[in-house]
Amino acid sequence: MTDEGLYERALALSNQRRYRDARPLLDEAAEVEHDPERAARIAGTRAYVLTQLGEPSAGERICREALAMPRLSDHTRGVLAGQLASLLSHQGRMDDALEAFDLAITQLVDDPLAQANLRMNRSVLYMQRSELDAAAADLELAISAFRDVGQPVEVAEAQHNLGYVRLLRGELVEAMSQMASARPQIAAVSVANAAIGDVDRAEVLREAGLVRDAEQLLASASDAFGRERMPQARAEADLQRAR
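Outline unusual backbone geometry, listing residues and values.
At Arg17, a residue that is not glycine, the phi angle is positive and equals roughly 65°. Within the fold, Arg17 resides in the loop between helix 1 (3-15) and helix 2 (19-32). Judged by its relative accessible area of 68%, Arg17 is exposed. Even without glycine at this site, Ser130 takes up a positive phi of about 60°. Of note, Ser130 is situated in the loop between helix 7 (112-128) and helix 8 (132-148). Under the relative-accessibility criterion, Ser130 is labelled exposed at 60%.

Rendered as structure tokens:
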């Protein structure tokens, strides 16, 4: 198998969530690859796979080593920084993750779609830190970028998240309006997507004192998660109903 073939096979296994099968192929590909750009791509996938296998420290080390490689394009460096930001986010290391997001967005000036996806992810961190103006700014820029490239589903998802920022600000009417306007496009993608959005809408209803409506929406979402075989999401919806 060629060096590129090793990586393509490993990437396919990773996309199938067969991380243990992908790992040895990625290790072998990393050993034989000498092109900096391809080596960086392999490193990013290795970092992701190791994180999924419960080795986030090793994943972070590989990402940082790849970022330090010379002769990388700005785009590749931005992609790696974005992967590092995601890894750090999942570890709860918000300051480090924001630093990586900043680097990634700066490096990807030639790829507005990638920037928009990163802004979506960074906005979640800002919400967790109660930096709501920063979160809203990221989402508004993401909406603009998604519109420019004709991605209506992503526009709707960003609008929904902007509605969640409104919820956190206590702007309940605006929050419900934005989430409701985004729902048809989101629901058209999948039953699961619709249910995930409905859990957020239920939170707005509850904050507005419409407890019965919120419970009905959560019950519907729980049923949808059950049909889609998403036990964790169903348990979270049921927990919200029990509060």
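This is not the end of the story, as more comes after the structure.
Any chance you could break down the pattern of salt bridges for me, citing the residues and the numbers?
Under the counting rule described, the total for this entry stands at 19 salt bridges. The salt bridge partner of Arg46 is Asp27, with a shortest N-O separation of 3.2 Å. Residue Arg46 is located in helix 3 (residues 36-52), and its partner Asp27 is located in helix 2; the two are separated by 19 residues in the primary sequence. For Arg46, a relative accessible area of 22% gives the class partly exposed. The salt bridge involving Asp138 is made with Arg122; its shortest N-O contact spans 2.7 Å. Placement of the pair is Asp138 in helix 8 and Arg122 in helix 7, with a sequence separation of 16 residues. The two residues Asp138 and Arg122 agree in class, both being buried. Residues joined in a network through salt bridges with shared partners are Glu60, Arg64, Arg93 and Asp96.

Criteria and cut-off values
Numbering of residues begins from 1 in every chain and follows the order in which that chain's sequence is written. Owing to the predicted nature of the model, reporting of local features is limited to residues with pLDDT of at least 70; listing and counting of side-chain atom pairs is limited to 80 or more, with chain, interface and lining totals taken over all residues. To get the side-chain values, all heavy atoms of the structure are used, and hydrogens and water are removed first. Going along the chain from the N terminus, every DSSP run of H or I of four or more residues is numbered as a helix, and every run of E of two or more is numbered as a strand. Classification of residues uses two cut-offs on accessible area relative to the type maximum, computed with a 1.4 Å probe and protein chains only: under 20% is buried, over 50% is exposed, and between them is partly exposed. A pair is scored as a salt bridge if a Lys or Arg side-chain nitrogen falls within 4 Å of a carboxyl oxygen belonging to Asp or Glu.

Nothing here speaks to function; it is geometry throughout.
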